[in-house]
Amino acid sequence: MTGSQLNARPATVQETTGPNTPDEAGRASDAQFRLLADAMPQIVWMMQPDGRHTYFNQRWFDYSGCSLEDSLGHGWVRRVHPDDSPRVATLWAQACASGESHEIECRLRRADGVYRWMLGRAVPQSDAAGQTTRWLGTLTDIDELKQANERLEKSLSVNRVAGRVAQLGGWAIELPERTLTWSDENCLIHDVPPGYTPTLDEGIGYFFPEHRPLVARYVQDCAQHGIPYEFVLPKLTAKGRHIWVRSIGEAVRDAAGKIIRIQGAFQDISEQKAAEARTMALEARLTTTLESITDGFCLIDRDWKFTFLNGQAQRMLRRCPEDLLGKTLWQEFPEAVDTHIERECRLTIQEQRTSRFEAFYLPLKTWFHFHVYPTEAGLAVYFQDITQRRAEQAQLRLLETAVSRLNDMVVITQAEAFGDAGPRIVFVNDAFERHTGYSQEDVLGNTSKLLWGLKTDRAELDRIQAAMRNWQSVRAEIIIYTKAGQERWVETDIAPIADESGKFTHWVSVQRDITERRQQQQEILSLNSDLEERVLLRTAQLATANKELESFAYSVSHDLRSPLNTIHAFSQLLVKIDGDQISDKGKHYLNRIGVGVKQMGDLIEGLLTLAHLSREQLNEEHVDLSAIARRIEQDYRALEPQRQARLHIHDGLNARGDARLLSAVFQNLLGNAWKFTSRESLAQIEVGSESGIDGDTVFFVKDNGAGFDMAFAPKLFGTFERLHSPGDFSGTGIGLATVKRIVERHGGRVWAESRPNEGARFFFTLGRKGGGQTSLAA
């Protein structure tokens, strides 16, 4: 129960048992009293004249362990020792009858069942009419003084011996004469002869001037009110020696309860103070030492609370001392609970053994190496940040594994001065043994001359050694010989290795067997001339075929267009000349002929477009796709102003490509979106871009139109392929094939997603990552 809780609850009791305080000043005074009472070392209580308690300070709850309700209901008398209870009851009855203050010594049961001697004092408080309104009382723990007095009285001779050993001397002040008496031991402490009898003022005069009023007040309070005291202060002896003493004093009463004497003791604690000073100096030196080490260091008590952190610990934990000192380890670092850190720390305390371990603390993203030592107070913990070291070790293990599994040969030599044979070998990997047949025992301590033979190029070896003497990296291709005498071509890269100071310590050579590559190069050279002739011949054949295809396409266009034009012209003339004589059914047939002619013309035009796309040179330039899409939108809105359509075209759609062909892509995709949303009350079309999984810019055209079944998606971009009947939606089946051809010419790809009656989404890329750019080829 905290002091604030204690202050609030008695106020509640008073509100139900008595009138409110008349003004704010009274309430403030009452609050100040409660704060002062909570700060006192004595138990403080208040009681109504009818015997009902209304207040206890925090000291009472700490001592008795009773709840507030139990304390207010039964008071403190119930916890008085049975032997003292009749005397307490009699004295209290007398005090209530007379309305006067009273004091009594009795034993009071503590929360753990132990009885301790208490000095009880009760003072009545009266109103203006002289009526007692409440009693204010205190209970002061005098158990130690009581026991000391009993021991003093029972074994005075033993105490004298103990006093000399412990530098403890007794004194007494007889009242009311205020005569001061010192024991022989006390005289020795003050460097005066045994039997010396100072006056009270002389005795107080041994204290320093600034402390004398305080000592006099202690003596006065004890003489008048029986308040025991204990303090530690410095003094000067008769010989001018500086000493520290602990002084204890208590009142002695006669049978009637009147204070007749003050008695107590002085203990010379100069050595203890000197030891404390040495300890503090040692602690200062230890703190300085701990602050200077590179390890983090902290002390943790048995309640897992931090009691010390050095500067390095604060930096590594990224916390200041105010955040951690007095705080619980597991509350401040909850992520360490149920981890290796907690288990090892608890085992260290339980088994009283040193523990060393490594652990990763995720919130700090740090690996720590801990040294945990048990102490009497708890734990002493040294820790280091080994994150970088572990990363380096992991890299080293990875490097060792990688080098051992490489198919390339790795050779490390010393960087010392070398002769024509080269530096001495200190390491070779497994691949070296596989490729050359030489074991590590064969080559370690030897030189690379072991691998040279008749066809090893001496000039190339001289070039390599010249570069190495100048500490330069070098690459070369030379012939070496295996242990079995086989020739092998190797490509070797040689580089110097320096230590942290920059001094070169070794050479590392990575050698790759390129024998097969050398053989293939020879074969390629022999085939190149024949291949070049074949390429030239095939190119000429393709050029001839393209010209023939172009001529055929134009011939087909001309030959097909002429009869179609004739059919269309005569059907129109027939309607114009004999239209009145033709039946409705005949007119329907003539109209069907016109539609067929137009459709056939569109097909021919589409075929010619596809033929041109296959051979036409592309013009690469910056293309504003947003502007193209908006222009096409305007054209469709002009054709069908009555259509309710919402088109959202993103800004900043840019690409590099052929502007005319990319316009055709959007003409077809937007045309399809416009066409297939014609039956919607509000057509919704979106043109934009997004980032693809591989980082490419993906352009899209989305609509809420008729859609299609994805089962037919493979046919979608084929020539003359249609997923809807001509009666539902018009078209030639060439538009999406044209889109596919143009996108592929730009190095991209096109695809679609849809569901029937849920709209369609067409996506395409234009080659190179970033902004839809592409490198165009003819």
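Rules of the game
- Residues numbered from 1 in each chain as written.
- Predicted model: local features only at pLDDT ≥ 70, side-chain atom pairs only at ≥ 80, totals over all residues.
- Heavy atoms only, no water.
- Helix = DSSP H or I, 4+ residues; strand = E, 2+ residues; numbered from the N terminus.
- Contact = heavy atoms within 4.5 Å.
- Areas by Shrake-Rupley, 256 points an atom, 1.4 Å probe, with all protein chains shown as cover.
- Expected span 1.5 Å × (residues − 1).
- Buried < 20%, exposed > 50% of the residue type's maximum accessible area, 1.4 Å probe, protein only.
- Pairing = 2+ DSSP bridges.
- Phe/Tyr/Trp six-rings, centres within 6.5 Å; stacked < 30°, edge-to-face > 60°.
- Axes fitted to C-alpha atoms, helices over the stretch in contact; angles between N-to-C directions.
- Polar contact = N/O pair within 3.5 Å; in protein donor to acceptor, adjacent residues only side chain to side chain.
- Parallel < 35°, antiparallel > 145°, perpendicular 65-115°, else oblique.
- Left-handed = near helix turned anticlockwise from the far one by under 90°.
- Nonpolar A, V, L, I, M, F, W, Y, C, P; charged D, E, K, R; others polar.
- Salt bridge = Lys/Arg side-chain N within 4 Å of Asp/Glu carboxyl O.
- 1 Å grid on protein atoms, 1.4 Å probe; cavity = no way out; pocket = protein on both sides within 12 Å on 5 of 7 lines; lining within 4 Å.
- Points joined across faces, edges and corners; volume = space filled by probe spheres on them.
- Patch = residues over 30% accessible without salt bridge, like charges linked within 9 Å, V, L, I, M, F, W, Y side chains within 5 Å.
- pLDDT = per-residue confidence, 0-100.
- Core = buried A, V, L, I, M, F, W, Y, C linked by side-chain atoms within 4.5 Å.

Peer 1: Looking at this structure, I do not really get the overall build of the chain. What am I missing?
Peer 2: Counting its secondary structure elements, the chain contains 24 helices and 27 strands. Of the contacts formed within the chain by residues at least 6 apart in sequence, a portion of 52% connects residues at least 24 apart. Accessible area for the chain stands at about 44300 Å²; split by element, carbon and sulfur atoms hold 53% of it.

Peer 1: Looking at this structure, I do not really get helix α15 (residues 340–351). What am I missing?
Peer 2: Along an α-helix, residues three or four apart share an orientation, since each turn contains 3.6 residues. If you check α15, its first and last C-alpha atoms are 16 Å apart, about what twelve residues at 1.5 Å a residue would give, namely 16 Å. Within α15 the residues assigned to the buried category are Ile341, Glu342, Glu344, Cys345, Thr348 and Ile349. Turning to α15, the residues buried within the fold contact α14 (329–332), β13 (355–361), β14 (366–374) and β15 (378–385). Gln352 sits one or two positions beyond α15 and adopts a positive phi of about 50°.

Peer 1: When you look at the pairing of strand β1 (residues 43–47) in this model, what are you seeing that I'm missing?
Peer 2: Taken residue by residue, a regular strand's side chains alternate between the two faces of the sheet. Of all the five residues making up β1, five are buried; the element is thus mostly covered by neighbouring parts of the structure. Taking every second residue as pointing to the same face, both faces of β1 are buried, with Ile43, Trp45 and Met47 on one and Val44 and Met46 on the other. Summarising the sheet, β1 and strand β5 (residues 132–141) pair through five bridges and their orientation is antiparallel. For Met47, the partnering residue across the bridge sits in β5 and is Trp135. Linkage of β1 to strand β2 (residues 53–56), two consecutive antiparallel strands, is achieved through a turn of five residues, within which Gly51 is found at a positive phi near 95°.

Peer 1: Is there a simple way to explain the packing of aromatic side chains in this structure?
Peer 2: Counted by the stated rule, this structure contains 31 aromatic pairs. Between the aromatic rings of Tyr218 and Tyr229, the centroid separation amounts to 5.4 Å while the plane-to-plane angle is 20°, which identifies the pairing as stacked. Note that Tyr218 is positioned in helix α10 (residues 212–225) and Tyr229 in strand β8 (residues 229–236), a separation of eleven residues in sequence. Overall, Tyr218 belongs to the partly exposed group, its relative accessible area being 27%.

Peer 1: Before we go on, may I ask you to explain the sheet that holds strand β25 (residues 697–703) in this structure?
Peer 2: Across the sheet, five strands lie side by side as β22-β24-β25-β27-β26; this open sheet has mixed pairing. Two strands lie at the open edges of the sheet, namely β22 (645–649) and β26 (750–754), each paired on one side alone. Between one strand axis and the next, the sheet turns through 15° on average, direction left out of account. In terms of strand pairing, strand β24 (residues 683–691) meets β25 through seven bridges, oriented antiparallel. From the neighbouring strand, Glu690 faces β25, where its bridge partner is Val698.

Peer 1: Can you help me understand the environment of Asp385 in this one?
Peer 2: Within the secondary structure, Asp385 sits in strand β15. For the pair Asp385 and Glu358, spaced 27 residues apart in sequence, the C-alpha to C-alpha distance is 9.9 Å. With sequence-adjacent residues up to four places away left out, Asp385 is seen in contact with Met316, Thr366, Trp367 and Phe368. A polar contact of 2.8 Å, which involves the side chain of Asp385, links it to the side chain of Thr387.

Peer 1: What is the right way to read the packing of helix α22 (residues 625–639) against helix α23 (residues 659–676) from this model?
Peer 2: Relative orientation and spacing of two packed helices are given, respectively, by the angle between their axes and the distance between those axes. The interhelical angle for the contact between α22 and α23, taken along N-to-C directions, is 45°, at an axis separation of 10 Å. As judged from the angle between their axes, α22 and α23 are oblique. As for how α22 packs across α23, the hand of that crossing is right-handed. Across from Leu625, Ile628, Ala629, Arg631, Ile632, Tyr636 and Arg637 in α22, the residues of α23 making contact are Ala659, Leu662, Ser663, Phe666, Gln667, Leu670, Gly671 and Trp674. Taken together, the residues of the contact of α22 with α23 break down into ten nonpolar, three polar and two charged.

Peer 1: Explain the pattern of salt bridges to me, please; I cannot follow it from the model alone.
Peer 2: Pairs can form between side chains of opposite charge whenever their charged atoms are close. This structure, assessed with the given rule, holds 36 salt bridges. Residue Asp191 pairs with Arg241 through a salt bridge whose shortest N-O separation is 3.1 Å. Highlighted residues: Asp191 in the loop between α8 (184–189) and α9 (200–205) and Arg241 in the loop between β8 and β9 (242–253), separated in sequence by 50 residues. The residue Arg475 makes a salt bridge to Asp493 at a minimum N-O spacing of 2.6 Å. Of this pair, Arg475 sits in strand β18 (residues 474–481) while Asp493 sits in strand β19 (residues 487–498); the two residues are 18 residues apart in sequence, bridging distant segments of the chain. Connected through shared salt-bridge partners, Glu477, Glu491, Arg517 and Arg518 make up one network.

Peer 1: I keep staring at empty space enclosed by the protein and nothing clicks. Help me out?
Peer 2: Vacant regions in the atomic arrangement are exposed by a probe of water-molecule size rolled over the atoms. Summed over the entire model, instances satisfying the criterion amount to five cavities of 30 Å³ or more. Quantified by volume, the largest cavity comes out at close to 300 Å³. Along its surface, the largest cavity is lined by 21 residues, and Ser448, Ile464, Met468, Ile494 and Gln511 are the ones closest to its centre. Mapped onto the lining of the largest cavity, the elements with two or more residues apiece are β16 (409–414), α19 (458–469), β18, β19 and β20 (504–513). Counting residues per element, the lining of the largest cavity draws most heavily on α19, at four residues. Class assignment of the residues belonging to the lining of the largest cavity gives a composition of 14 nonpolar, seven polar and no charged. Approximately 220 Å³ is the volume found for the second largest cavity. Around the second largest cavity, the lining comprises 15 residues; the ones closest to its centre are Leu317, Leu329, Phe333, Ile341 and Phe370.

Peer 1: Just to check I follow, could you spell out a nonpolar patch on the surface for this structure?
Peer 2: Where nonpolar side chains cluster on the molecular surface, the patch consists of Phe570, Leu573 and Ile577 and spans about 340 Å² of accessible area. Here Ile577 is to be found in helix α20 (residues 515–578). On the accessibility criterion, Ile577 (62% relative accessible area) is exposed.

Peer 1: In this structure, what is going on with unusual backbone geometry? I would like to understand it.
Peer 2: Where the residue is not glycine, phi is negative for most of them; where a peptide bond is considered, it is trans in most cases. The residue after Leu175, namely Pro176, is reached through a cis peptide bond having omega 5°. As for its placement among the helices and strands, Pro176 is situated in the loop between β6 (168–174) and β7 (179–182). Look at Trp304: it is not a glycine, yet its phi comes out positive at around 65°. For Trp304, a relative accessible area of 11% corresponds to the buried category.

Peer 1: Could you clarify how one ought to interpret the pairing of strand β23 (residues 654–657) in this entry?
Peer 2: Along β23, the buried face is formed by Ala655 and Gly657; none of Asn654 and Arg656, which line the opposite face, is buried. Note that strand β21 (residues 621–624) and β23 share four bridges and pair antiparallel. Across the sheet, residue Glu621 finds its bridge partner in β23, namely Gly657.

Peer 1: So what exactly am I meant to see when it comes to the confidence of the model for the chain here?
Peer 2: As a note on interpretation, predicted positions should not be read in detail where pLDDT is low. Summary statistics for the chain give a mean pLDDT of 83 and a share of 86% for residues scoring 70 or more. Between residues 769–778, whose pLDDT stays under 50, and residues either more than four places distant or in other chains, the model counts 36 contacts.

Peer 1: Whenever I open this one, helix α5 (residues 85–98) confuses me. Can you help?
Peer 2: Here α5 contains 14 residues, and its C-alpha end-to-end distance of 20 Å stays within 8% of the 20 Å for a straight helix at 1.5 Å per residue. Looking one or two residues beyond α5, the residue adopting positive phi is Gly99, at roughly 70°.

Peer 1: Help me out: how do you make sense of the nonpolar core in this one?
Peer 2: Across soluble globular proteins, nonpolar side chains show a tendency to be buried alongside one another. One finds Leu625, Phe666, Leu669, Val687, Val701, Phe762 and Phe764 to be the most contacted residues of the largest nonpolar core, which totals 38 residues. Counting only elements with at least two residues in this core, the list comes to α22, β22, α23, β24, β25, α24 (735–745), β26 and β27 (760–764). A per-element tally of this core places α23 first, with eight residues. Apart from residues lying up to four places away in sequence, Phe666 is in contact with Leu625, Ile628, Ala629, Ile632, Gly671, Val687, Val701 and Phe764. One finds Cys298, Phe333, Ala336 and Phe368 within the second-largest nonpolar core, a separate group that totals 26 residues.

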